[in-house]
Amino acid sequence: MGLLIFAEMSGKEVHPVAFELLGRGKEIARELSLTLEAVVCGAEDDVAEELIKHGAENVYLYHCEQEIMMCKECLSSLAKEIRPEIFLFGATKFGRALAPRVAAALNTGLTADCTDLRVEDGEFIQIRPAFTGNILAHIKTRSTPKMSTVRYRVMKPAEREDREGRTIRKDLPPNIPGSFALIKREKMESIDIQNADVIVSGGRGLKNREDFRMLETLAYLLGGVVGSSRPLVDDGWISRDHQVGFSGNTVKPRIYVAIGISGSPQHLAGMRNSEMIVAINSDPSAPIFRYADYGIVGDLYEIVPELIEKLEKNETSHE
Ligand SMILES: Cc1cc2nc3c(=O)[nH]c(=O)nc-3n(C[C@H](O)[C@H](O)[C@H](O)COP(=O)(O)OP(=O)(O)OC[C@H]3O[C@@H](n4cnc5c(N)ncnc54)[C@H](O)[C@@H]3O)c2cc1C
(Lines give C-alpha, C1' and ligand atoms only; values in the text may rest on other atoms or scores of the structure.)
Protein backbone atom coordinates (compact mmCIF):
# COMPACT_ATOMS: atom_id res chain seq x y z
CA MET A 1 0.00 0.00 0.00
CA GLY A 2 1.16 3.47 -0.74
CA LEU A 3 1.17 7.14 0.13
CA LEU A 4 0.68 8.93 -3.18
CA ILE A 5 1.37 12.59 -3.78
CA PHE A 6 0.29 14.62 -6.78
CA ALA A 7 3.36 16.48 -8.05
CA GLU A 8 1.97 19.62 -9.62
CA MET A 9 3.97 21.22 -12.41
CA SER A 10 4.52 24.95 -12.57
CA GLY A 11 5.61 25.45 -16.16
CA LYS A 12 8.55 23.10 -16.70
CA GLU A 13 9.40 22.90 -12.99
CA VAL A 14 7.87 20.89 -10.19
CA HIS A 15 5.90 23.19 -7.90
CA PRO A 16 7.86 23.39 -4.60
CA VAL A 17 4.81 22.24 -2.62
CA ALA A 18 5.38 18.77 -4.12
CA PHE A 19 8.78 18.57 -2.39
CA GLU A 20 7.12 19.61 0.87
CA LEU A 21 4.55 16.82 0.46
CA LEU A 22 7.39 14.38 -0.18
CA GLY A 23 9.19 15.67 2.93
CA ARG A 24 6.33 14.99 5.33
CA GLY A 25 5.10 12.06 3.20
CA LYS A 26 8.42 10.28 3.73
CA GLU A 27 8.05 10.43 7.54
CA ILE A 28 4.43 9.28 7.46
CA ALA A 29 5.13 6.49 4.96
CA ARG A 30 7.94 5.24 7.21
CA GLU A 31 5.73 5.24 10.31
CA LEU A 32 2.83 3.50 8.56
CA SER A 33 5.00 1.17 6.42
CA LEU A 34 3.67 2.62 3.17
CA THR A 35 5.44 3.05 -0.16
CA LEU A 36 6.01 6.71 -1.02
CA GLU A 37 4.83 7.38 -4.57
CA ALA A 38 4.23 10.39 -6.80
CA VAL A 39 2.13 11.02 -9.88
CA VAL A 40 2.72 13.77 -12.39
CA CYS A 41 0.93 14.90 -15.56
CA GLY A 42 2.68 16.64 -18.42
CA ALA A 43 6.30 16.04 -17.44
CA GLU A 44 9.31 14.17 -18.74
CA ASP A 45 11.71 11.63 -17.22
CA ASP A 46 13.98 14.30 -15.71
CA VAL A 47 11.08 15.44 -13.51
CA ALA A 48 10.44 11.87 -12.36
CA GLU A 49 14.17 11.62 -11.54
CA GLU A 50 13.92 14.78 -9.38
CA LEU A 51 10.93 13.36 -7.49
CA ILE A 52 12.85 10.15 -6.89
CA LYS A 53 15.87 12.09 -5.59
CA HIS A 54 13.44 13.77 -3.17
CA GLY A 55 12.12 10.50 -1.79
CA ALA A 56 9.53 9.00 -4.19
CA GLU A 57 10.05 5.26 -4.61
CA ASN A 58 7.75 5.06 -7.64
CA VAL A 59 6.78 7.89 -9.99
CA TYR A 60 3.81 7.51 -12.34
CA LEU A 61 4.15 9.68 -15.45
CA TYR A 62 1.21 10.67 -17.65
CA HIS A 63 2.00 12.32 -20.94
CA CYS A 64 -0.88 14.75 -21.13
CA GLU A 65 -1.54 18.43 -20.50
CA GLN A 66 -1.78 19.42 -16.88
CA GLU A 67 -5.41 20.31 -17.51
CA ILE A 68 -7.93 19.86 -14.75
CA MET A 69 -10.32 17.35 -16.32
CA MET A 70 -7.54 15.30 -17.89
CA CYS A 71 -5.68 15.18 -14.58
CA LYS A 72 -8.87 14.18 -12.79
CA GLU A 73 -9.33 11.22 -15.15
CA CYS A 74 -5.66 10.14 -14.91
CA LEU A 75 -5.45 10.46 -11.14
CA SER A 76 -8.74 8.77 -10.36
CA SER A 77 -7.98 5.88 -12.72
CA LEU A 78 -4.51 5.46 -11.15
CA ALA A 79 -5.94 5.54 -7.63
CA LYS A 80 -8.49 2.88 -8.58
CA GLU A 81 -5.64 0.73 -9.91
CA ILE A 82 -2.99 1.12 -7.21
CA ARG A 83 -5.33 1.87 -4.26
CA PRO A 84 -3.21 4.27 -2.21
CA GLU A 85 -3.95 4.47 1.48
CA ILE A 86 -3.22 8.22 1.50
CA PHE A 87 -3.39 10.70 -1.40
CA LEU A 88 -1.96 14.22 -0.94
CA PHE A 89 -2.23 17.40 -3.01
CA GLY A 90 -0.78 20.87 -2.55
CA ALA A 91 -3.43 23.45 -1.63
CA THR A 92 -2.49 25.59 -4.62
CA LYS A 93 -5.11 27.12 -6.87
CA PHE A 94 -4.84 24.07 -9.16
CA GLY A 95 -4.65 21.53 -6.35
CA ARG A 96 -7.68 23.04 -4.63
CA ALA A 97 -9.68 22.67 -7.85
CA LEU A 98 -8.39 19.19 -8.71
CA ALA A 99 -8.47 17.32 -5.38
CA PRO A 100 -12.26 17.56 -4.77
CA ARG A 101 -12.94 16.30 -8.30
CA VAL A 102 -10.68 13.29 -7.74
CA ALA A 103 -12.21 12.67 -4.29
CA ALA A 104 -15.71 12.70 -5.81
CA ALA A 105 -14.64 10.28 -8.55
CA LEU A 106 -13.21 7.95 -5.88
CA ASN A 107 -16.23 8.35 -3.64
CA THR A 108 -14.07 9.35 -0.70
CA GLY A 109 -13.69 12.36 1.59
CA LEU A 110 -11.18 15.22 1.43
CA THR A 111 -9.70 17.33 4.19
CA ALA A 112 -8.90 20.67 2.62
CA ASP A 113 -6.21 23.18 3.53
CA CYS A 114 -4.33 21.09 6.11
CA THR A 115 -1.54 22.83 7.98
CA ASP A 116 -0.04 19.63 9.36
CA LEU A 117 -0.18 15.87 8.91
CA ARG A 118 0.87 13.38 11.56
CA VAL A 119 0.72 9.82 12.73
CA GLU A 120 -0.73 9.40 16.24
CA ASP A 121 -1.18 5.94 17.77
CA GLY A 122 -0.66 4.39 14.36
CA GLU A 123 -3.41 6.52 12.77
CA PHE A 124 -3.06 9.14 10.05
CA ILE A 125 -4.20 12.51 11.42
CA GLN A 126 -4.94 15.59 9.31
CA ILE A 127 -4.72 18.93 11.07
CA ARG A 128 -6.40 22.10 9.87
CA PRO A 129 -7.74 25.32 11.38
CA ALA A 130 -11.46 25.26 12.14
CA PHE A 131 -14.02 27.72 13.47
CA THR A 132 -12.33 30.65 11.71
CA GLY A 133 -8.91 29.58 12.88
CA ASN A 134 -9.65 29.63 16.61
CA ILE A 135 -9.02 25.91 17.01
CA LEU A 136 -6.93 23.32 15.23
CA ALA A 137 -9.05 20.32 14.32
CA HIS A 138 -7.37 16.90 14.35
CA ILE A 139 -9.21 14.84 11.77
CA LYS A 140 -9.22 11.06 11.45
CA THR A 141 -10.74 9.74 8.21
CA ARG A 142 -12.39 6.38 7.73
CA SER A 143 -12.82 6.38 3.93
CA THR A 144 -9.89 5.48 1.67
CA PRO A 145 -7.89 6.86 0.12
CA LYS A 146 -7.50 9.40 2.89
CA MET A 147 -7.19 12.59 0.88
CA SER A 148 -5.86 16.00 1.88
CA THR A 149 -4.83 19.25 0.32
CA VAL A 150 -1.90 20.74 2.24
CA ARG A 151 -0.99 24.40 2.40
CA TYR A 152 2.15 25.55 0.66
CA ARG A 153 5.05 26.60 2.88
CA VAL A 154 3.87 24.98 6.08
CA MET A 155 6.16 21.94 5.88
CA LYS A 156 9.85 21.41 5.27
CA PRO A 157 10.73 20.21 1.76
CA ALA A 158 12.39 16.81 1.37
CA GLU A 159 16.18 16.89 1.09
CA ARG A 160 17.62 15.92 -2.27
CA GLU A 161 19.56 12.66 -1.99
CA ASP A 162 21.30 10.30 -4.35
CA ARG A 163 18.76 7.51 -4.56
CA GLU A 164 17.12 5.17 -7.03
CA GLY A 165 13.48 4.63 -7.81
CA ARG A 166 11.12 3.47 -10.53
CA THR A 167 9.55 5.61 -13.25
CA ILE A 168 6.34 4.08 -14.53
CA ARG A 169 4.91 5.51 -17.76
CA LYS A 170 1.14 5.23 -17.79
CA ASP A 171 -1.19 5.19 -20.77
CA LEU A 172 -3.98 7.70 -20.70
CA PRO A 173 -7.25 6.22 -19.45
CA PRO A 174 -9.55 5.28 -22.33
CA ASN A 175 -12.21 7.87 -21.53
CA ILE A 176 -9.88 10.80 -22.20
CA PRO A 177 -9.46 10.96 -25.98
CA GLY A 178 -12.32 12.86 -27.49
CA SER A 179 -13.88 13.73 -24.14
CA PHE A 180 -11.78 16.82 -23.55
CA ALA A 181 -10.08 19.09 -25.99
CA LEU A 182 -8.05 22.05 -24.91
CA ILE A 183 -9.33 24.75 -27.25
CA LYS A 184 -7.42 27.72 -25.95
CA ARG A 185 -5.26 28.55 -22.96
CA GLU A 186 -6.08 31.98 -21.54
CA LYS A 187 -3.45 33.66 -19.41
CA MET A 188 -5.21 35.25 -16.46
CA GLU A 189 -3.64 38.11 -14.58
CA SER A 190 -2.29 36.53 -11.42
CA ILE A 191 0.49 37.06 -8.94
CA ASP A 192 2.76 34.65 -7.16
CA ILE A 193 2.22 36.03 -3.67
CA GLN A 194 3.24 32.82 -1.93
CA ASN A 195 6.79 33.04 -3.28
CA ALA A 196 7.20 36.80 -2.87
CA ASP A 197 10.08 38.06 -0.74
CA VAL A 198 8.34 41.32 0.08
CA ILE A 199 4.59 41.87 0.46
CA VAL A 200 2.92 45.23 0.99
CA SER A 201 -0.64 44.54 2.13
CA GLY A 202 -3.55 46.91 2.46
CA GLY A 203 -6.59 46.63 4.71
CA ARG A 204 -9.77 48.43 5.53
CA GLY A 205 -7.73 51.47 6.53
CA LEU A 206 -7.72 52.26 2.80
CA LYS A 207 -10.54 54.61 1.81
CA ASN A 208 -10.78 53.89 -1.93
CA ARG A 209 -9.83 51.09 -4.26
CA GLU A 210 -7.60 53.55 -6.20
CA ASP A 211 -5.44 53.86 -3.08
CA PHE A 212 -3.99 50.43 -3.86
CA ARG A 213 -1.90 52.31 -6.47
CA MET A 214 0.02 53.90 -3.61
CA LEU A 215 0.70 50.42 -2.20
CA GLU A 216 1.71 49.17 -5.65
CA THR A 217 4.30 51.96 -5.85
CA LEU A 218 5.65 51.10 -2.41
CA ALA A 219 5.71 47.38 -3.29
CA TYR A 220 7.52 48.15 -6.55
CA LEU A 221 10.16 50.23 -4.78
CA LEU A 222 10.73 47.45 -2.25
CA GLY A 223 10.84 44.79 -4.97
CA GLY A 224 7.64 43.12 -3.78
CA VAL A 225 3.99 42.52 -4.56
CA VAL A 226 0.70 43.78 -3.16
CA GLY A 227 -1.38 41.77 -0.71
CA SER A 228 -4.72 42.46 0.89
CA SER A 229 -6.91 41.63 3.83
CA ARG A 230 -10.15 39.86 3.00
CA PRO A 231 -12.75 42.66 3.23
CA LEU A 232 -11.21 44.50 0.27
CA VAL A 233 -11.20 41.30 -1.77
CA ASP A 234 -14.84 40.68 -0.84
CA ASP A 235 -15.64 44.23 -1.97
CA GLY A 236 -14.03 43.52 -5.33
CA TRP A 237 -11.26 46.11 -4.91
CA ILE A 238 -8.55 43.55 -5.68
CA SER A 239 -8.52 39.93 -6.89
CA ARG A 240 -8.51 36.93 -4.56
CA ASP A 241 -4.95 36.03 -5.62
CA HIS A 242 -3.82 38.87 -3.37
CA GLN A 243 -5.72 37.80 -0.25
CA VAL A 244 -3.60 36.84 2.74
CA GLY A 245 -5.06 34.85 5.61
CA PHE A 246 -7.09 31.93 6.79
CA SER A 247 -9.26 31.72 3.69
CA GLY A 248 -6.62 33.19 1.38
CA ASN A 249 -2.90 32.60 0.94
CA THR A 250 -0.37 31.59 3.56
CA VAL A 251 2.74 33.66 3.02
CA LYS A 252 6.22 33.73 4.52
CA PRO A 253 8.07 36.67 2.97
CA ARG A 254 11.24 38.26 4.27
CA ILE A 255 9.28 41.49 4.84
CA TYR A 256 5.52 41.85 5.33
CA VAL A 257 4.20 45.39 5.50
CA ALA A 258 0.64 45.55 6.94
CA ILE A 259 -0.96 48.89 6.14
CA GLY A 260 -4.32 49.77 7.70
CA ILE A 261 -4.78 46.15 8.80
CA SER A 262 -5.99 45.50 12.34
CA GLY A 263 -4.45 42.02 12.73
CA SER A 264 -7.48 39.74 13.08
CA PRO A 265 -6.73 36.08 13.91
CA GLN A 266 -7.83 35.19 10.37
CA HIS A 267 -5.37 37.60 8.79
CA LEU A 268 -2.57 36.62 11.17
CA ALA A 269 -3.13 32.96 10.26
CA GLY A 270 -1.76 33.71 6.82
CA MET A 271 1.24 35.92 7.60
CA ARG A 272 2.42 35.60 11.18
CA ASN A 273 5.40 33.45 10.12
CA SER A 274 6.84 36.25 7.97
CA GLU A 275 10.49 36.93 8.80
CA MET A 276 9.87 40.60 9.53
CA ILE A 277 6.53 42.33 10.04
CA VAL A 278 6.14 46.08 9.70
CA ALA A 279 2.75 47.55 10.69
CA ILE A 280 1.36 50.97 9.89
CA ASN A 281 -1.84 51.74 11.77
CA SER A 282 -3.44 54.83 13.30
CA ASP A 283 -4.69 52.86 16.30
CA PRO A 284 -1.86 52.14 18.77
CA SER A 285 -3.92 49.34 20.33
CA ALA A 286 -4.38 47.46 17.01
CA PRO A 287 -3.53 43.76 17.58
CA ILE A 288 -1.15 43.75 14.60
CA PHE A 289 1.37 45.68 16.72
CA ARG A 290 1.69 42.68 19.05
CA TYR A 291 3.16 40.70 16.15
CA ALA A 292 5.08 43.50 14.41
CA ASP A 293 8.86 43.81 14.54
CA TYR A 294 8.49 47.48 13.59
CA GLY A 295 5.34 49.50 14.21
CA ILE A 296 4.47 52.97 12.93
CA VAL A 297 1.47 54.60 14.63
CA GLY A 298 -0.07 57.14 12.33
CA ASP A 299 -2.18 57.92 9.30
CA LEU A 300 -1.24 55.73 6.36
CA TYR A 301 -2.09 58.58 4.00
CA GLU A 302 0.79 60.56 5.52
CA ILE A 303 3.24 57.73 6.18
CA VAL A 304 3.07 55.77 2.93
CA PRO A 305 3.70 58.81 0.63
CA GLU A 306 6.59 59.81 2.87
CA LEU A 307 8.10 56.31 2.63
CA ILE A 308 7.66 56.36 -1.15
CA GLU A 309 9.36 59.74 -1.38
CA LYS A 310 12.31 58.57 0.73
CA LEU A 311 12.72 55.36 -1.30
CA GLU A 312 12.50 57.25 -4.61
CA LYS A 313 15.16 59.72 -3.44
CA ASN A 314 17.30 56.81 -2.39
CA GLU A 315 16.89 55.24 -5.84
CA THR A 316 17.86 58.40 -7.73
CA SER A 317 20.86 59.03 -5.48
CA HIS A 318 22.17 55.59 -6.51
CA GLU A 319 21.80 56.25 -10.24
C1 LIG B 1 -14.28 32.30 8.01
C2 LIG B 1 -13.54 33.59 7.92
C3 LIG B 1 -12.40 33.63 7.16
C4 LIG B 1 -11.67 34.83 7.06
N5 LIG B 1 -10.54 34.84 6.30
C6 LIG B 1 -9.80 35.97 6.24
C7 LIG B 1 -8.59 36.01 5.49
O8 LIG B 1 -8.17 35.05 4.84
N9 LIG B 1 -7.89 37.16 5.49
C10 LIG B 1 -8.30 38.28 6.16
O11 LIG B 1 -7.60 39.31 6.10
N12 LIG B 1 -9.46 38.27 6.85
C13 LIG B 1 -10.23 37.16 6.89
N14 LIG B 1 -11.40 37.18 7.57
C15 LIG B 1 -11.91 38.47 8.06
C16 LIG B 1 -11.31 38.88 9.38
O17 LIG B 1 -12.10 38.36 10.44
C18 LIG B 1 -11.30 40.43 9.53
O19 LIG B 1 -12.60 40.94 9.37
C20 LIG B 1 -10.36 41.10 8.52
O21 LIG B 1 -9.08 40.51 8.55
C22 LIG B 1 -10.24 42.58 8.87
O23 LIG B 1 -9.55 43.23 7.84
P24 LIG B 1 -8.79 44.56 8.11
O25 LIG B 1 -7.74 44.37 9.14
O26 LIG B 1 -8.38 45.09 6.78
O27 LIG B 1 -9.96 45.54 8.60
P28 LIG B 1 -10.25 46.13 10.05
O29 LIG B 1 -10.27 45.07 11.07
O30 LIG B 1 -11.45 46.99 9.90
O31 LIG B 1 -8.98 47.04 10.34
C32 LIG B 1 -8.70 48.24 9.68
C33 LIG B 1 -7.52 48.86 10.39
O34 LIG B 1 -7.13 50.04 9.70
C35 LIG B 1 -6.74 51.01 10.65
N36 LIG B 1 -6.88 52.32 9.99
C37 LIG B 1 -8.04 52.96 9.64
N38 LIG B 1 -7.74 54.11 9.01
C39 LIG B 1 -6.38 54.21 8.98
C40 LIG B 1 -5.47 55.18 8.47
N41 LIG B 1 -5.89 56.26 7.84
N42 LIG B 1 -4.16 54.95 8.63
C43 LIG B 1 -3.69 53.85 9.26
N44 LIG B 1 -4.51 52.89 9.77
C45 LIG B 1 -5.84 53.07 9.62
C46 LIG B 1 -7.69 50.81 11.81
O47 LIG B 1 -7.13 51.32 13.01
C48 LIG B 1 -7.85 49.30 11.85
O49 LIG B 1 -6.92 48.70 12.73
C50 LIG B 1 -12.13 36.00 7.70
C51 LIG B 1 -13.29 35.94 8.48
C52 LIG B 1 -13.99 34.76 8.58
C53 LIG B 1 -15.23 34.72 9.42
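Up top you'll find the structure we're talking about.
Here we take up the overall build of the protein chain. Helix and strand counts for the protein chain come out as nine helices and 17 strands. The C-alpha atoms of the protein chain give a radius of gyration of 22 Å, which matches the 20 Å a tight globule of 319 residues would have. Reported as C-alpha extents along the three principal axes, the dimensions of the protein chain are approximately 60 × 45 × 40 Å. Across the 319 residues that make up the protein chain, the buried fraction comes to 50%. A sequence separation of at least 24 residues applies to 63% of the contacts in the protein chain between residues at least 6 apart. Computed over 39 positive and 47 negative side-chain charges, the inter-centroid distance for the protein chain is 5 Å.

Here we take up the sheet that holds strand S16 (residues 276-281). If you walk across this open sheet you meet the five strands as S14-S13-S15-S16-S17, and the pairing is parallel. Each of the sheet's edge strands pairs with one partner strand only, and the pair in question is strand S14 (225-228) and strand S17 (294-297). Strand-to-strand twist across the sheet, computed as the mean angle between neighbouring axes with direction ignored, equals 20°. Contacting strand S13 (198-202), S14 and strand S15 (255-259), helix H5 (residues 212-222) runs over the sheet at an angle of about 165° to S13.

Looking at the ligand, there are 26 residues lining it, with Arg204, Ser229, Ser247, Ser262 and Asn281 nearest. Coverage of the ligand by the protein chains reaches 76% of its 980 Å² of free accessible surface. Secondary structure elements with two or more residues in the shell around the ligand: helix H6 (230-234), helix H7 (265-271) and helix H9 (300-317). Across the shell around the ligand, the residue classes break down as six nonpolar, 16 polar and four charged.

The rules we used
Residues numbered from 1 in each chain as written. Predicted model: local features only at pLDDT ≥ 70, side-chain atom pairs only at ≥ 80, totals over all residues. Heavy atoms only, no water. Helix = DSSP H or I, 4+ residues; strand = E, 2+ residues; numbered from the N terminus. Rg over C-alpha atoms; globule rule 2.2 N^0.38 Å. Buried < 20%, exposed > 50% of the residue type's maximum accessible area, 1.4 Å probe, protein only. Contact = heavy atoms within 4.5 Å. Lys, Arg positive; Asp, Glu negative; His and termini not counted. Charge placed at Lys NZ, Arg CZ, Asp CG, Glu CD. Pairing = 2+ DSSP bridges. Axes fitted to C-alpha atoms, helices over the stretch in contact; angles between N-to-C directions. Near = heavy atom within 4 Å. Areas by Shrake-Rupley, 256 points an atom, 1.4 Å probe, with all protein chains shown as cover. Nonpolar A, V, L, I, M, F, W, Y, C, P; charged D, E, K, R; others polar.

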